[in-house]
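For reference, the chains in residue letters:
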Amino acid sequence: MTSRLLAGVARRDPELLREVLPNAVPWVRFLPAADIDAMAAELVSTTEAAAAIGNTAAVSQLLVEWRHTAEIHADPDLHRALTTRPLDDFGPVSRPAEQE
């Protein structure tokens, strides 16, 4: 029932969900606006699907993944390291040894 309520509110007033989301998961404040919208949409659809099968593990996993994304955005050095391309090729990769 909760998932259906969440989905109904999100469909009727997406801005309301976006407004209250930081109260439930404060780390969402580190996400860019487009990511907050994407997270809200994924949260609604994943919650509906999880409720349909009676298993909320997918919702928990979704929140963990988005929290890690927020952690990246919160740390400028980490964000830069993960979003900039390396300047050079790292060279050839050796072939793995075959196991017998």
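Our structure is the block above this text.
Here's a quick rundown of the structure. (Residues numbered from 1 in each chain as written. Predicted model: local features only at pLDDT ≥ 70, side-chain atom pairs only at ≥ 80, totals over all residues. Heavy atoms only, no water.)

## Remarks on the overall build of the protein chain
Cut-off, in case you're wondering: Numbering goes from the N terminus for both helices and strands, where a helix is a DSSP run of H or I of at least four residues and a strand is a run of E of at least two. This radius of gyration counts C-alpha atoms alone. The globule rule is 2.2 Å times how many residues there are, raised to the power 0.38. Residue exposure (1.4 Å probe, protein chains only): buried if accessible area is under 20% of the type maximum, exposed if over 50%, otherwise partly exposed. In this analysis, two residues are considered to be in contact whenever any of their non-hydrogen atoms come within 4.5 Å of each other. Under the convention used here, a 1.4 Å probe and the Shrake-Rupley method define accessible areas, while residue burial counts only the protein chains that appear. Under this rule, positive means Lys or Arg and negative means Asp or Glu; His and the chain ends count for nothing. A charge is said to be at NZ when it belongs to Lys, at CZ for Arg, at CG for Asp and at CD for Glu.
Counting secondary structure elements, the protein chain contains 5 helices and 0 strands. For the protein chain, the sequential pattern of α-helices and β-strands runs α-α-α-α-α. Taking 2.2 N^0.38 as the reference for a compact globule, 100 residues should give roughly 13 Å; the C-alpha atoms of the protein chain span a radius of gyration of 19 Å, well beyond that estimate. Summarising its shape, the C-alpha atoms of the protein chain cover approximately 55 × 40 × 20 Å along the three principal directions. Of all 100 residues assigned to the protein chain, the portion counted as buried reaches 22%. Summarising the internal contacts of the protein chain: among those between residues at least 6 apart in sequence, 46% fall at separations of at least 24. For the protein chain, the accessible surface area stands at approximately 7,800 Å², while carbon and sulfur atoms represent 57% of it. Separation of charge centres in the protein chain, based on 9 positive and 15 negative side chains, amounts to 7 Å.

## With respect to the nonpolar core
Filter applied, for reference: Among the buried residues, those of types Ala, Val, Leu, Ile, Met, Phe, Trp, Tyr and Cys that are joined through side-chain atoms within 4.5 Å form a nonpolar core.
Counting residues in hydrophobic clusters, the biggest one holds 18 residues, and the most contacted among them are Leu21, Val25, Trp27, Val28, Leu31, Met39 and Trp66. When contributions to this core are tallied by element, the ones reaching two or more residues are helix H1 (2-12), helix H2 (14-24), helix H3 (33-53) and helix H4 (57-74). The leading source of residues in this core is H3, at 6 residues. Residues within four places of tryptophan 27 in sequence aside, it is in contact with Met39, Leu63, Trp66, Arg67 and Ala70.

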